[in-house]
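Each chain, written out:
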Amino acid sequence: MKTSIPVKEKMQYCQCGCGKVRNWKYPDIKKDEQGQMHTLEAIMATTIMIAVLVFAVQATALTPLTSSTANAHIESQIHTIGQDMLTVLDHSAYGTNSYLKDQIIDWNGDEYVWTATSYRSRTNSSDILTGPLTEMLELVVIENGIAHNIEFTFNTETGSSQTMSFIYNGDPSDNAVIISRKVLISNTDIEDAVIFASNAGIPDVDGSTDYYNIIDVKLTMWRM
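S.K.: Please explain the packing of aromatic side chains as it appears in this structure.
M.R.: Ring pairs (aromatic) are described by centroid distance and by the angle formed between their planes. All chains considered together, the criterion is met by six aromatic pairs. Arranged with centres 5.1 Å apart and planes meeting at 85 degrees, the rings of W107 and F152 form a pair that is edge-to-face. Taken together, the residues W107 in the loop between helix 3 (99–105) and strand 3 (112–114) and F152 in strand 6 (residues 146–155) connect sequence positions 45 residues apart. On the accessibility criterion, W107 (4% relative accessible area) is buried. Consider the rings of Y112 and F166, whose centres lie 6.0 Å apart with planes at 70 degrees: the pair is edge-to-face. Taken together, the positions of Y112 in strand 3 and F166 in strand 7 (residues 161–167) put the pair 54 residues apart, joining distant regions of the chain. The exposure class of F166 is buried, given its relative accessible area of 0%. Through successive ring pairs, a cluster of aromatic residues spans W107, Y112, F152 and F166.

S.K.: I keep staring at unusual backbone geometry and nothing clicks. Help me out?
M.R.: For residues that are not glycine, phi is negative in most cases, and the peptide bond is trans in most cases. A positive phi is found at A116, a non-glycine position, where the angle reads about 80 degrees. Looking at where A116 falls in the secondary structure, it is placed in the loop between strand 3 and strand 4 (119–121).

S.K.: What is the right way to look at a nonpolar patch on the surface in this model?
M.R.: A cluster of nonpolar side chains, contributed by M37, L40 and I43, occupies part of the molecular surface with about 300 Å² of accessible area. With respect to the element layout, I43 can be found in helix 1 (residues 33–59).

S.K.: Even after reading the chapter, I still don't get the confidence of the model for the protein chain, so can you show me in this structure?
M.R.: Detailed conclusions should not be drawn from predicted coordinates in areas where pLDDT is low. Mean pLDDT for the protein chain: 83, with 75% of residues reaching 70 or above. Confidence over residues 60–67 falls short of pLDDT 50; this stretch has four contacts with residues more than four positions distant or in other chains.

S.K.: I would appreciate a short explanation of the nonpolar core in the present structure.
M.R.: Here is a general trend for soluble globular proteins: nonpolar side chains tend to be buried in one another's company. In terms of nonpolar packing, the biggest core is built from 35 residues, with I150, F166 and I202 touching the most fellow members. Mapped by element, the contributors of at least two residues to this core are helix 2 (67–89), helix 3, helix 4 (132–141), strand 6, strand 7, strand 8 (177–186), helix 5 (193–200) and strand 9 (211–223). Per-element accounting of this core gives the leading share, five residues, to strand 9.

About the criteria used
- Residues numbered from 1 in each chain as written.
- Predicted model: local features only at pLDDT ≥ 70, side-chain atom pairs only at ≥ 80, totals over all residues.
- Heavy atoms only, no water.
- Phe/Tyr/Trp six-rings, centres within 6.5 Å; stacked < 30°, edge-to-face > 60°.
- Helix = DSSP H or I, 4+ residues; strand = E, 2+ residues; numbered from the N terminus.
- Buried < 20%, exposed > 50% of the residue type's maximum accessible area, 1.4 Å probe, protein only.
- Patch = residues over 30% accessible without salt bridge, like charges linked within 9 Å, V, L, I, M, F, W, Y side chains within 5 Å.
- Areas by Shrake-Rupley, 256 points an atom, 1.4 Å probe, with all protein chains shown as cover.
- Salt bridge = Lys/Arg side-chain N within 4 Å of Asp/Glu carboxyl O.
- pLDDT = per-residue confidence, 0-100.
- Contact = heavy atoms within 4.5 Å.
- Core = buried A, V, L, I, M, F, W, Y, C linked by side-chain atoms within 4.5 Å.

Set out below in structure tokens:
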């Protein structure tokens, strides 16, 4: 049995018999319990949606405009640049040394610093570092305002490792990235192993074979 909705005043029809409603009153919501429940449910649903939106906004740790995200993006770009540089420098045609290996073999053991115009030895200002490595650093790294250090790590005759600075431009920041690449040095790559060991300080760790040493080239880069 259907329950009719209570009204304050029932419909009254025109006396002329046309069927038109002469007066109409809306249902009394105060007496309509079902309508009140729908209203409360709507208010509660709206409140929950607002609370969820507020929580989602506050719980978001990073947005595309936050500094942390920007730093991570910059670090990723610098890492890609450094990796591409070492890959290109370490590439060699058949029967020839790579630019990176030649740079190591020609090294005299000095530490070089960027002086705004060139890479100069810290102990001898007249000693200027040249070659494809420095040309690439100037074109790709320095032009983009990226500070950088290069270190050589190699094995000693006692089996331990030793690290020497090749290019130094200051202490890296907390956002610095490190890219490394290993370069194999053989006795046939060096004209005079005795002179090379004396100048660069990189020893021959196996005198019984053609194996000389493995140099771990570590490139550290950070935005200035």
